[in-house]
Amino acid sequence: MVQASRQHRIYQTLGWLLLALVVLLLPFWVISTQSIQIGGNTFTLSLGNVMHSLSYVVAVLGLGLLVGFNGQLSLGNSFFIGVGAYISATLVVDNGWGFLRSLIVVLPVTFALGVLFGIPALRIRGLYLALVTLGLAAVFPAIVRLEGLSERTGGANGKRIPDGFAAPEGVPLQEFRQGLSNIPGIGEQFFADGRLGTRAADEVWTYFVLILLTAIAIWMVKNLIHSRPGRAIIAVRDNETGAAVNGVNLPMTKTLTFGYSAALGGLAGTMYAMAIGFVAPDVFGVNLAIFLIVGLVVGGLGTLSGAVIGGFVIVFVPVWTSQVKELPGVSERVLSGPTATAVLGILLIVLTFVMPGGIVYGLRRLRARLITIVPRGMSPAAAAAAGPAAVPVDEAAAVAMMDRHSGHASSDLQPETETGSVSVTTKQGSADGN
Amino acid sequence: MELLLARLFDGVSSGATYAVIAVALVLIYKATTLINFAQGELCMIGSFIAYAFAVDVGLPVIPAVILAMVMTALLAAGIERTLIRPFDPSNHLPLVIITLGLLLLINSVAGMIWGYDPRRFPGVFPDGTVFEWGVARLRWYTVGTLITTIVLLVLLSLLLNRTKVGLAFRAVSSNLESAALSGVPIGRTLQFGWALAAAVGTIAGVLFVSDPFRQIEPTFAARVLIFASAAAVLGGLDSLWGALVGGLVIGMVESMLIGYLTFIPSQMGLASAVGVLIIVLLIRPNGLFGSRRVERV
């Protein structure tokens, strides 16, 4: 298939339509289907978890911008998520603001905090940066518990946000659901009960608002990555010296990326507060910081859609593993323990070995086996030579960051690809990052 | 004055334990220029194994600790062989991610086996005090920890400077390629480094939890890791004795800050360690005793 040919466009449009359909129907399906039975285990599905995941999608996206695209290893993004969540919570509860209005405060504050931490990060690099930011993540719960602050933050008990989002009048959520349950065949099975209570309707509405916020965040990061500043961000990751020689302002690029990443973290925090309606200090500690790294690596470093996968994985894997009550060959004692963390740890290690580019990269390789998308103007012979290995160069570099054998991401890219095809893909340039 | 002395003693006793874990970090760093994020968990699992031998099996404490050291050393050697060695040592990102994965995994395994109820660790040192002066009490625990730390450091220095294994270790840490060309078995030497660090880490963990004021539970590791890495960075990440000084300083800073600046609540001890870490890295990234790193932009 030739890139941007009519056929390719049809496939793409169909793909987007399918995604939109899933996004639209998901909340109604989740509300009707409370749980899935597999063997003796019940896995619950709740819209709360889906919304929780959406907030982590944005969090992983922010972390991915910093780690995957800029190459600065930060373990402290949970700090900014916590700041965002707490600012929103106090503004909504104590000052009677709306969640979306609280973003006016959250985004600049977290951006400024990010820039503030980004400045020392110019001198503190690599492992040291990871260490310092991990310390930051560890300190956050203690800050929330500070006596001076606990009046507003609720201290160790956390802070409940009683009033969530209310679905506005006149949005036909009810009727829509009624309609879905009347679809012959499918309706009965997937959208059985046509009634939608007020609480459920509010939840569905919140879900759509969160979806919108997530989509805006992804769209903005995508635009950033494909713009001139975005290429500077990537160039810094691939080769700092080279980037500087080509006129990239290193300190500016790195601190600003820290700021963007932190602001996305703040947005994720606000979304978390909207989704859960409760903030507690220990949610935003070291564990979340490491879970975000898990999400990033599982989804795929240096990809945008990886954040979507990663966000859902770090919510649903823990929820579902803790619901496994019987598994042949494993004692109940083990299953009642902290299996979720163990599974995420194993996932992290195994993926680093077998699929260093994450699930997204794995899926792309799978797709490349089925359909080959060839850049326009490339001869079929060259396409055959490039084969399934024809991966856009900047993505290949992202995968190489995790590679077992190459120490320098920018050096020997794709040794098995012929030089000719690499240059063609380079010319094609803009990696489709989604 | 009494109060100052009391805080000094507090600082020394926690500082010495941070120092030992910092030594474990330094050992790994010297060998691989990697910070092992799972080191705190290795300390924790080591002290739990010692606990199991001492309480569940009923061995005396010292043999239990030695057995635990052997077991964690074997565990760490296994980890190095299976999870670390397949990766290029110069590419840090996947290695850091592997150690983070280990952090999660080891922590949850300990949680599955021993649960999260705090338990009392049988003390290695006698209870009670060496001498008392008002509120200032020098406990046997403090003296014992400090002496153990110093003896441990002397032994490690001897091991690294006077034995053939130590020579190989130093060769690998100073230049991996030259060491390989001179016939030093790189893999096995690094494995030895991991095992040694885990054994030292076990001692550190045991020292930490045998304080009568502390209890043993799987979550103590993460907190300790931050303190210890601040200590290690302050001392210079590749200096053993620097780790001791760094640990003592961090311990002092913690106890003095919380003691004297009353508006700083006690949970902020961790923040003081992070603060020291940031300041050191900004002002003197090589730490107090670290060897200079050449950095190119």
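Definitions and limits used
- Once a new chain begins, its residue numbering starts again from 1 and follows that chain's sequence as written.
- To read the labels, note that chains go from A and ligands from 1, taken in the order they are written.
- Local features in this predicted model are restricted to residues whose pLDDT is 70 or higher, and side-chain atom pairs enter the listing and the counts only when it is 80 or higher, whereas totals over whole chains, interfaces and linings include all residues.
- A run of H or I in DSSP counts as a helix once it spans at least four residues, and a run of E counts as a strand once it spans at least two, with each numbered from the N terminus.
- Contact between two residues is assigned whenever their backbone-derived C-beta positions fall within 7 Å.
- Just to be clear, the radius of gyration here is over C-alpha atoms, and the globule rule we use is 2.2 Å times residues to the power 0.38.
- Labels follow a simple rule on C-beta atoms placed from the backbone: if 20 or more others lie within 10 Å of a residue's own, it is buried; if 12 or fewer, it is exposed; otherwise it is partly exposed.
- Between the first and last residue of a helix there are one fewer steps than residues, each counted as 1.5 Å, and that sum is the expected span.
- In these notes, a nonpolar core means any group of buried Ala, Val, Leu, Ile, Met, Phe, Trp, Tyr and Cys residues linked to one another through C-beta atoms within 7 Å.
- The domain limits used here are those given by an automatic or database domain assignment.
- Lys, Arg, Asp and Glu make up the charged group, whereas Ala, Val, Leu, Ile, Met, Phe, Trp, Tyr, Cys and Pro make up the nonpolar group; the residues left over, Gly among them, are polar.
- pLDDT is defined as a per-residue confidence score from the predictor, taking values between 0 and 100.
- Strand pairing is defined by DSSP finding a minimum of two bridges between the two strands.
- To obtain each axis, a line is fitted to C-alpha atoms, and for helices this fit is confined to the stretch in contact; angles are then taken between N-to-C directions over 0 to 180 degrees.
- What sets the label is the angle itself: under 35 degrees gives roughly parallel, over 145 gives roughly antiparallel, 65 to 115 gives roughly perpendicular, and the rest give oblique.
- Crossings are classed by handedness, with left-handed meaning an anticlockwise turn of the near helix from the far one by less than a right angle and right-handed meaning a clockwise turn.

Thoughts on the overall build of chain A
Point 1. A count of helical and extended segments in chain A gives 21 helices and four strands.
Point 2. Partitioning the contacts of chain A with sequence separation of at least 6, the portion at a separation of at least 24 is 76%.

Description of the overall build of chain B
Point 1. Each helix and strand counted, chain B has eleven helices and two strands in total.
Point 2. In sequence order, the secondary structure elements of chain B are arranged as α-α-α-α-β-β-α-α-α-α-α-α-α.
Point 3. For 297 residues, the compact-globule estimate of 2.2 N^0.38 gives 19 Å, and chain B sits close to it at 19 Å.
Point 4. With respect to the principal axes defined by its C-alpha atoms, chain B has extents near 60 × 50 × 35 Å.
Point 5. Sorting the 297 residues of chain B into buried and exposed places 52% on the buried side.
Point 6. In chain B, the share of contacts with a sequence separation of at least 24, taken over all contacts with a separation of at least 6, comes to 74%.

Focus on helix α13 (residues 250–276) of chain A
Residues and elements named next belong to chain A.
Point 1. Taking 1.5 Å per residue, 27 residues should reach 39 Å; α13 reaches 38 Å between its end C-alpha atoms and fits that length.
Point 2. Burial runs high along α13: 23 of the 27 residues are buried.
Point 3. Positive phi appears at Gly277, one or two residues downstream of α13, with a value of about 75°.

Regarding the nonpolar core
Point 1. Counting residues in each nonpolar core, the largest one holds 210 residues, and the members touching the most others are Ala22, Ala230 and Ala231 of chain B.
Point 2. The greatest single-element share of this core, amounting to 16 residues, is contributed by helix α1 (residues 2–32) of chain B.
Point 3. Both of domain 1 (47–166 + 196–356) and domain 2 (359–425) of chain A provide at least three residues apiece to this core.
Point 4. The contacts of Ala231 of chain B, once residues within four sequence positions are left out, are Tyr18, Ala19, Ala22, Ala243, Gly246, Gly247 and Ile250 of chain B.

Overview of the interface of chain A and chain B
Point 1. In this complex, chain A contributes 45 residues to the contact, which on the side of chain B involves 39 residues.
Point 2. Of all the elements in the fold, those that place two or more residues in the side of chain A that touches chain B are α5 (120–123), α6 (126–144), α12 (240–245), α14 (286–299) and α17 (339–354) of chain A.
Point 3. When residues of the side of chain A that touches chain B are assigned to their parent elements, the largest contribution, twelve residues, is made by α6 of chain A.
Point 4. Of the residues that constitute the side of chain A that touches chain B, the class distribution is 29 nonpolar, ten polar and six charged.

Side note on the confidence of the model for chain B
Point 1. For chain B, per-residue confidence averages 84 on the pLDDT scale, and 96% of positions sit at 70 or higher.
Point 2. Taken element by element, the predicted model of chain B shows its lowest mean pLDDT in strand β1 (residues 129–133) of chain B (76) and its highest in helix α3 (residues 61–84) of chain B (91).

Looking at the pairing of strand β2 (residues 41–44) of chain A
Point 1. Here strand β1 (residues 35–38) of chain A pairs with β2 of chain A via four bridges, running antiparallel. Note that in β2 of chain A the partner of Ile36 of chain A across the bridge is Phe43 of chain A.

Considerations on the environment of Ile143 of chain A
Point 1. Residue position: Ile143 of chain A is located in helix α6.
Point 2. On a C-alpha basis, the gap between Ile143 of chain A and Gly155 of chain A in space is 9.0 Å, while along the polypeptide they are twelve residues apart.

Digging into the confidence of the model for chain A
Residue and element names in this part refer to chain A.
Point 1. When pLDDT is averaged across chain A, the result is 78; 80% of the residues are at 70 or more.
Point 2. When pLDDT is averaged over each helix and strand of chain A, the minimum, 36, is found for helix α21 (residues 419–428) and the maximum, 91, for α13.
Point 3. Here residues 406–434 is a poorly scored stretch, pLDDT under 50, and it has 56 contacts once near neighbours within four places are set aside; other chains count.

Structural notes on the packing of α17 of chain A against helix α4 (residues 92–114) of chain B
The description of two packed helices rests on the angle between their axes and on the distance between the axes.
Point 1. Running from N to C, α17 of chain A and α4 of chain B cross one another at 155°; their axes reach a closest spacing of 7 Å. Taken together, the axes of α17 of chain A and α4 of chain B are roughly antiparallel relative to one another. Here the hand of the crossing between α17 of chain A and α4 of chain B comes out left-handed. Contact with α17 of chain A, carried on its side by Thr341, Ala342, Leu344, Gly345, Ile346, Leu348, Ile349 and Thr352 of chain A, involves Pro94, Ile97, Ile98, Leu100, Gly101, Leu102, Leu104, Leu105, Asn107, Ser108 and Val109 of chain B of α4 of chain B and no other residues of that element.
Point 2. A breakdown of the residues in the contact of α17 of chain A with α4 of chain B according to their chemical character gives 13 nonpolar, six polar and no charged.

Looking at helix α4 (residues 99–118) of chain A
Point 1. The end-to-end C-alpha separation of α4 of chain A is 27 Å, in line with the 28 Å expected for 20 residues at 1.5 Å each.
Point 2. Buried residues along α4 of chain A sit against α3 (77–94), α5 and α13 of chain A.

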